[in-house]
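In case you want the letters, here they are:
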Amino acid sequence: MPELPEVETVRRGLALKLEGRVLVRVDQHRPDLRFPLPADFAARLTGRRVLSLDRRAKYILIRVDGGLVWMIHLGMSGSMVVKPGPAGAPAAHDHLVFHTDDGWVVTYNDVRRFGFMDLFDESGLDSHPMLAALGPEPLGNGFHGAALSERLAGRRTPIKAALLDQSVVAGLGNIYVCEALFRAGIAPTRLADSVAGADSERLVPIIRDVLGEAIAAGGSTLRDFVQSDGELGYFQHNFRVYGREDEACVTCGQDGAPEGRIRRIVQSGRSTFFCPRCQR
């Protein structure tokens with residue numbers, strides 16, 4: 001599933017072509033994605049001017065005139081591809097096509113249909129069921145050592161699971177949690193409350209650095225994720241632990257010792273990659 005850097009990459013790509021533009025036509029080719037689309041979804045968006053594009057966790061929030069918010073979640077295989085018009089015949093799994101007043105075409109394609117869209121009044125933004133319980137943004141001012149320490153205090157779950165809890169910090173996913181814990185030298189199996197305090201102060205800037213590097217690199221490309229302009233991200237070439245099971249650790253594995261090789265374990269049904277010698 002696309003994580004925060006991938007979603008932010010898509011948001012930035014969409015903003016270049018959508019902000020300030022009018023949606024002159026919206027083609028809807030099915031009534032539902034993961035959930036049913038809102039009633040009269042295409043008709044309610046048609047003729048609206050896009051005011052701004054924001055992101056909250058892994059959700060893209062597009063404000064349009066009339067006080068509406070258009071929410072997009074990409075799911076596991078959703079992509080938003082921007083191309084100059086006119087649009088040709090829709091390809092398989094092109095579920096929604098948005099046409100702008102300056103001739104650009106934005107197509108939402110989703111093979112598995114795990115993504116979804118919503119359209120609602122801006123006054124309901126903070127209370128929206130997908131947003132109401134989210135923790136602070138990891139790149140925002142509300143995410144700092146003291147805040148993370150407070151949210152981890154008393155938690156007897158592994159730190160990996162705690163960081164994936166969207167009420168602790170919003171938008172983090174499996175890949176970048178593995179990468180951040182490696183850089184911080186924190187074992188993914190440690191109990192979360194043992195990371196409160198000084199370790200939280202150290203972990204926060206590392207999380208920010210990992211996410212910032214991934215965003216700068218254009219997001220990762222795993223499975224069928226593509227950027228909004230169709231180009232692929234490449235941060236996966238910089239992974240230090242993720243997907244590198246049995247490979248030598250880039251920090252300590254040069255001596256060839258078995259304890260200096262990356263291990264994979266399963267936590268809460270997800271693969272965790274770590275170095276048993278570097279991470280304690």
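In what follows, the accompanying structure is described. (Residues numbered from 1 in each chain as written. Predicted model: local features only at pLDDT ≥ 70, side-chain atom pairs only at ≥ 80, totals over all residues. Heavy atoms only, no water.)

Attention now goes to the nonpolar core. Core analysis: the biggest nonpolar cluster contains 31 residues, and Leu-148, Leu-152, Ile-159, Leu-163, Tyr-176 and Leu-203 have the highest contact counts within it. Residue assignment for this core shows that the elements contributing at least two residues are α3 (145-152), α4 (159-164), α5 (174-184) and α6 (198-216). When residues of this core are assigned to their parent elements, the largest contribution, 8 residues, is made by α6. Membership of the second largest hydrophobic core comes to 29 residues, among which are Val-10, Leu-68, Leu-74 and Met-80. (Core = buried A, V, L, I, M, F, W, Y, C linked by side-chain atoms within 4.5 Å. Buried < 20%, exposed > 50% of the residue type's maximum accessible area, 1.4 Å probe, protein only. Helix = DSSP H or I, 4+ residues; strand = E, 2+ residues; numbered from the N terminus.)

To continue, consider unusual backbone geometry. Trans peptide bonds make up most of the peptide bonds, and negative phi angles are found at most residues other than glycine. Going from Gly-85 to Pro-86, the amide bond is cis rather than trans, its omega being 0°. Along the chain, the position of Pro-86 falls in the loop between β5 (78-84) and β6 (94-100). The phi angle at Arg-113 is positive, at roughly 60°, despite the residue not being glycine. Here Arg-113 shows up in the loop between β7 (104-110) and β8 (116-121). For Arg-113, a relative accessible area of 28% gives the class partly exposed. A positive phi angle is found at Ser-268, which is not glycine, with a value near 50°.

Before going further, it helps to examine the environment of Gln-279. Structurally, Gln-279 can be placed in the segment after β10 (270-274). Residue classification places Gln-279 among the buried positions, given a relative accessible area of 2%. C-alpha separation for the pair Gln-279 and Tyr-176, spaced 103 residues apart in sequence, amounts to 15 Å. If we skip the residues at most four places from it in the chain, Gln-279 touches Leu-181, Phe-182, Gly-185, Ile-186, Ala-187, Pro-188, Val-241 and Phe-274. (Contact = heavy atoms within 4.5 Å.)

Turning to the packing of helix α1 (residues 4-18) against α6, a few remarks are in order. To characterise two packed helices, one gives the angle between the axes of the helices and the distance between these axes. The geometry of α1 relative to α6 is characterised by a closest axis approach of 9 Å and an angle of 40° between their N-to-C directions. Regarding the angle of α1 to α6, the classification is oblique. Viewed along their axes, α1 and α6 form a crossing whose handedness is right-handed. Across the interface between the two elements, Leu-4, Pro-5, Glu-8, Thr-9 and Arg-12 from α1 touch Leu-211, Ala-214 and Ile-215 from α6. Its residues assigned to classes, the contact of α1 with α6 shows 5 nonpolar, 1 polar and 2 charged. (Axes fitted to C-alpha atoms, helices over the stretch in contact; angles between N-to-C directions. Parallel < 35°, antiparallel > 145°, perpendicular 65-115°, else oblique. Left-handed = near helix turned anticlockwise from the far one by under 90°. Nonpolar A, V, L, I, M, F, W, Y, C, P; charged D, E, K, R; others polar.)

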